[in-house]
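Each chain, letter by letter, is given below.
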Amino acid sequence: PTTDPTTTFADKQYRSPIICILGHVDTGKTSLLDKIRNTNVQGGEARGITQQIGASFIPVEAIKEQTKSFAEKIKMDFKLPGLLLIDTPGHESFNNLRSRGSGLCDLAILVIDIMHGLEAQTLESINLLRMRKTPFIVALNKVDRIYDWKPCVNTDFKEAYKVQSKSAAQEFDYKVKDTIAALAGQELNAELYWRNKDHRKYVSLVPTSAHTGEGISDLMLVVMQLMQKLMLDKVEFTNQLQCTLLEVKVIEGFGTTIDVVLVNGTLNEGDKIVVSGFNGPIETSIRSLLTPPPLRESRVKSTFINHKSIRAAMGIKIVAPGLEKAVPGTSLHVVGPNDDIEKIRAEAKREVDSVLNDVETSGIGVSVQASTLGSLEAFLNFLKKIKVPVANVAIGPVHKKHVMNTSIMLDKDPKYAILLAFDVKIEESALHAANEMKVQILSDETIYLFEEKLKKHFGAIKEKLRAESASICVWPCILEVTNVFRNSNPILVGVRVKEGTLRIGTPICVPESNCADVGKVIGIKLNEKDVVLAKKDDVVSVAIDDTNTKTTIFRHFDDKKQWMSKITRESLDALKEGWSEDLTKQDVQLLKFMKTVYKIQ
Ligand code: GDP
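Because the structure is predicted, anything quoted here is derived from the model rather than measured.

*Asks:* I'm lost on the overall build of the protein chain in this one. Help?
*Replies:* Helix and strand content of the protein chain: 16 helices and 35 strands. In terms of overall dimensions, the protein chain has a C-alpha envelope of 105 × 65 × 40 Å along the principal axes. For the protein chain, the share of sequence-separated contacts (at least 6 apart) that also reach a separation of at least 24 residues comes to 70%. Accessible surface, the protein chain: about 29,000 Å² in total, of which carbon and sulfur atoms supply 50%. Side-chain charges in the protein chain split into 79 positive and 76 negative, and the spacing between the mean points of these groups amounts to 3 Å.

Next comes the structure, spelled out in C-alpha cells:
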C-alpha cells in the first residue's frame with residue numbers, strides 16, 4: 001500500500017506534527033497516551049489510529065469527531081492531517097528526536113500530577129524543553145483525584161467542571177493556583193488554556209484525567225490549535241529530508257534494523273543512505289521500509305507491511321545491511337544521484353563528533369558515557385549547568401578501556417577520577433578494573449538522581465580536603481593592637497580587626513619587624529564571650545600561645561606595628577583547595593596584598 005499522510009490547504013501541503021509526552025514518573029504519561037489512542041479506536045475503524053513504529057498516528061477525522069462540540073463553538077478549521085504521537089513517553093525518545101542539536105519534536109505535552117505539583121523530573125523535563133527550544137503545553141493530570149470530584153466520562157473539561165460541588169471546584173482552583181505559582185518559580189508564565197490570551201508568552205494548562213477521559217478532547221484541540229496558530233510553517237511538507245534514528249533493534253528474520261521517525265521528506269525502498277556509526281559513517285541501501293499491520297489485521301501472521309515509498313511524518317522500521325553500529329539520536333541521510341557522498345559522510349561524522357568533542361581543553365574533568373547521542377548531549381548540558389568539567393565522553397556500554405581512560409585523572413586531579421554511566425550497561429571487566437584502579441563508577445537512569453550523587457561525591461571529597469588542610473590553612477587578616485595585657489605565656493592583647501577575619505589557630509606575625517613571630521591564636525573574646533572568629537572592625541581580646549616562638553614582645557617587635565596572619569605558599573594552596581567558594585572578594589584582595597608583603601610568588 002502507498003501512504004500519503006499529508007493534507008493540502010490553500011495550496012500548501014502539511015505533514016503531521018511530532019508530539020512527545022514528558023514528565024515525572026507516575027504522573028500518568030502512559031495512561032494519557034493509552035487514553036488518547038483508545039478513545040479514538042472506539043470511534044470506529046475508519047477514524048481509528050494507525051499504529052506505526054514507535055509512534056501512533058491520530059488522524060484529523062478522529063480529532064474532529066472527538067472535539068466536535070468544542071470545535072464548532074470556536075469555528076475551528078482543521079488544516080493538519082493529524083498528530084504523530086511518539087509512543088515511548090519520557091526523556092529518551094525526546095532527546096533522540098534531534099538534528100544537529102535542535103529538537104525535532106514539534107510540540108511536547110508536559111504531564112504534571114495535579115495532586116503533586118512540580119517534581120524532580122518535571123524540572124528536568126523543563127530544562128530539556130528549554131535546551132531544545134521546544135514549545136509545550138501542560139496536561140494537569142489526575143483531576144479525578146480531587147476530593148469529591150464527580151467523574152464525567154470523556155467530557156470536555158469545562159463541562160465537567162460545571163457539575164462539581166463547590167468544595168471540589170474550589171480545591172481544583174487552589175491546585176491550579178499552586179501549579180501556576182510553582183511554574184513561575186521556574187520562570188514560566190502559565191495559565192489555564194481558556195484564559196490564555198498569549199500563547200507565545202504563557203504556557204497553557206489543560207486539566208485532564210487519563211482515567212475518566214475528562215479533558216482529553218481539550219488536550220487534542222489545544223495541541224491542534226497551537227500548531228495551526230503558531231507553527232504552521234514548521235509543519236509544511238517539504239522534500240528536504242529530516243529523519244532521525246530512535247532505536248537500533250535486532251528483529252528475528254530481519255537482522256539489525258533501525259527505527260526512525262521520518263519528520264519531513266520521502267524515503268524509498270532501494271534508497272542509498274548514510275547513518276552515523278560508532279566507528280564512523282555507515283553507507284548502505286534500504287532493503288525494506290516497514291510499518292506494523294493495521295490493528296484489525298493484527299491476528300494475521302505477517303508482522304509488518306512493506307512499503308515502496310513513505311512520506312512524512314511517519315514512524316518506520318528500516319531494514320538494511322550493516323546497521324549494527326548505528327548510533328541512536330543521529331540523522332539519516334539519503335544520497336541522491338547528484339550528491340557528493342564524501343560530503344554526506346563528513347556531515348554524518350561531524351554530527352557525532354560535535355557532541356563527543358564537547359570536552360574541556362585542559363583535559364581535566366570527569367568521564368561520561370550514555371547510550372545515545374541524544375541522551376549524551378542532554379547529559380553534557382546538565383553537567384555544564386552544574387559546572388562539572390568533562391574530560392572524556394563516549395557512547396555505549398562501559399568497557400575496561402573507558403575505566404583506564406578515567407584512571408588518568410587519579411594523577412591529574414583525583415576528584416574527577418569518576419565515570420558517570422548514564423543509562424548504559426557496565427561490563428563485568430569494567431567493574432573489575434574500576435575496583436582495582438580505585439576509579440569510581442556512578443550509574444543511574446535519570447539525570448536528577450545524578451545530581452544528588454554528584455553533590456554527595458564532591459561534598460565528601462571537599463570535607464576530606466578540608467579536614468586534611470585545616471591545620472595548614474590560614475585566613476588573611478590585619479590587626480591593630482590596642483592594648484597589651486600580658487607579655488607572654490600566653491600573650492594577651494586587645495585588638496581591632498582592620499581587615500579580614502581572625503580565627504582560632506591563626507599564626508600571627510609582624511612583617512615590619514623582620515617578620516617576627518608572635519605565636520598562634522588560642523582564644524578570642526568578644527564582649528567577654530568566647531568566639532571562634534572575629535570579623536572586620538570587631539574589637540576583641542586575644543590569647544596567643546608563644547611557647548614555640550623565639551621572639552619576644554617589646555624586644556623583637558612591639559604593639560605599634562601592624563600584626564598580620566602569617567601566610568605561606570602552602571597555606572594559600574590549602575585555602576584555595578578547600579575553601580575557594582567561601583572566600584569573599586575582600587579576602588581575595590587582601591590575600592593579594594599580603595602575598596606582596598610576604599614576597600610569595
Ligand atoms: P507514567 O509513569 O507517567 O507513565 O504513569 P502511568 O501512566 O504509568 O500512571 C501511574 C499511575 O497513576 C497508574 O497507577 C495509573 O493508573 C495512575 N493514573 C494515571 N493517570 C491517572 C488519572 O488521570 N487519574 C487517576 N486517578 N490515576 C491515574
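Having put the structure on the table, let's press on.
*Asks:* Would you take a moment to explain helix H16 (residues 585–597) for this structure?
*Replies:* Along an α-helix, a turn takes 3.6 residues, which lines up residues three or four apart on a common side. Over its 13 residues, H16 extends 19 Å from the first C-alpha to the last, a length consistent with the 18 Å expected when each residue adds 1.5 Å. Every buried residue of H16 is listed here: Asp-587, Leu-590, Leu-591 and Met-594. Here the buried residues of H16 occupy an arc of 105 degrees about the axis, which is enough to place them on one side. Opposite the buried face of H16, by more than 90 degrees, sit the exposed residues Lys-585, Gln-589, Lys-592 and Thr-596. The secondary structure elements touched by the buried residues of H16 are strand S27 (477–486), strand S28 (491–500), strand S35 (563–565) and helix H15 (569–579). Of the residues trailing H16, Lys-599 is marked for its positive phi of about 55 degrees.

*Asks:* Any chance you could explain the side chain of Asp-87 here in plain terms?
*Replies:* Inspection of the secondary structure puts Asp-87 in the loop between strand S6 (82–86) and helix H4 (91–96). Only 2.9 Å separates the side chain of Asp-87 from the side chain of Gln-51, close enough to count as a polar contact.

*Asks:* So what exactly am I meant to see when it comes to the side chain of Arg-311 here?
*Replies:* Considering the arrangement of structural elements, one finds Arg-311 in strand S20 (residues 309–311). With a relative accessible area of 19%, Arg-311 lands in the buried category. One polar contact links Arg-311 to Thr-6, side chain to side chain, over a distance of 3.2 Å.

*Asks:* How do you make sense of the sheet that holds strand S19 (residues 305–307) when you look at a structure like this?
*Replies:* Pairing between sheet strands relies on hydrogen bonds along the backbone, with the strands arranged either parallel or antiparallel. On the basis of which strands lie adjacent, the open sheet formed by 5 strands has the order S13-S14-S21-S18-S19 and antiparallel pairing. Each end of this open sheet is capped by a strand with a single partner; those strands are strand S13 (242–251) and S19. Adjacent strand axes in the sheet meet at a mean angle of 35 degrees, parallel and antiparallel pairs treated alike. Bridging between strand S18 (residues 288–291) and S19 involves 3 bridges; their strand directions are antiparallel. Each bridged residue has a counterpart across the sheet, and for Leu-289 the counterpart in S19 is His-307.

*Asks:* Hey, could you run me through a negative patch on the surface in this one?
*Replies:* Taken together, the side chains of Glu-92, Glu-247, Asp-423 and Glu-445 make up a negatively charged region of the molecular surface. Among the structural elements, Glu-92 can be located in helix H4.

*Asks:* Just checking my understanding: could you explain the site of the ligand for this structure?
*Replies:* Neighbouring residues of the ligand: 15 residues in total, closest Asp-26, Thr-30, Ser-31, Asp-144 and Ala-210. Gly-28 is positioned with one of its backbone polar atoms (N or O) 3.0 Å from an oxygen atom of the ligand. The contact in question runs from a nitrogen atom of the ligand to an N or O atom on the side chain of Asp-144, over 2.7 Å. Broken down by element, the residue count for the shell around the ligand peaks at 3 residues, all from helix H1 (residues 29–42). A breakdown of the residues in the shell around the ligand according to their chemical character gives 2 nonpolar, 8 polar and 5 charged.

*Asks:* Sorry, what's going on with helix H10 (residues 373–385) here?
*Replies:* Between its first and last C-alpha, H10 extends 18 Å over 13 residues, near the 18 Å set by a 1.5 Å rise per residue. Burial analysis of H10 places 10 of its 13 residues in the buried class, which makes it a mostly covered element. Within H10 the residues assigned to the buried category are Leu-373, Gly-374, Ser-375, Leu-376, Glu-377, Ala-378, Phe-379, Leu-380, Phe-382 and Leu-383. Of the residues trailing H10, Lys-387 is marked for its positive phi of about 60 degrees.

Analysis parameters
- Think of each chain on its own: its residues are numbered from 1, step by step along the sequence as written.
- For this predicted model, a pLDDT threshold of at least 70 governs which residues receive local features, and a threshold of 80 or more governs which side-chain atom pairs are given and counted, while totals over whole chains, interfaces and linings are taken from all residues.
- To get the side-chain values, all heavy atoms of the structure are used, and hydrogens and water are removed first.
- The numbering of helices and of strands both runs from the N terminus, where a helix is a DSSP run of H or I of at least 4 residues and a strand a run of E of at least 2.
- Working rule for contacts: check all heavy atoms of both residues, and any pair within 4.5 Å makes them a contact.
- Only the protein chains shown count as cover for residues, with accessible areas throughout obtained via the Shrake-Rupley method and a probe of 1.4 Å.
- For this count, His and the chain ends are skipped, Lys and Arg are scored as positive, and Asp and Glu as negative.
- For charged residues, the charge sits on one atom: NZ in Lys, CZ in Arg, CG in Asp, CD in Glu.
- A helix is expected to span 1.5 Å multiplied by its residue count minus one.
- Think of it in three bands: with a 1.4 Å probe and only protein chains considered, a residue is buried below 20% of the maximum accessible area for its type, exposed above 50%, and partly exposed in between.
- Throughout, the arc means that of the directions going from the helix axis to the C-beta atoms.
- Within 3.5 Å is the distance limit for a polar contact, defined as a pair of N or O atoms, with the added protein rule that one can donate a hydrogen and the other accept it, and that residues adjacent in sequence qualify only through two side-chain atoms.
- Only strands that DSSP links by at least two bridges are regarded as paired with each other.
- For helices, the fitted axis covers only the stretch in contact; all axes are lines through C-alpha atoms, and the angles between them, taken along N-to-C directions, range from 0 to 180 degrees.
- Distance thresholds for patches are 9 Å for like charges and 5 Å for nonpolar side chains (Val, Leu, Ile, Met, Phe, Trp, Tyr), applied to residues having over 30% relative accessible area and no salt bridge.
- Salt bridges are defined by distance alone: a side-chain nitrogen of Lys or Arg within 4 Å of a carboxyl oxygen of Asp or Glu.
- Consider each residue's heavy atoms; a residue with any of them within 4 Å of a molecule or strand counts as near.
- Each residue is assigned to one class: nonpolar for Ala, Val, Leu, Ile, Met, Phe, Trp, Tyr, Cys and Pro, charged for Asp, Glu, Lys and Arg, and polar for all the others, Gly among them.

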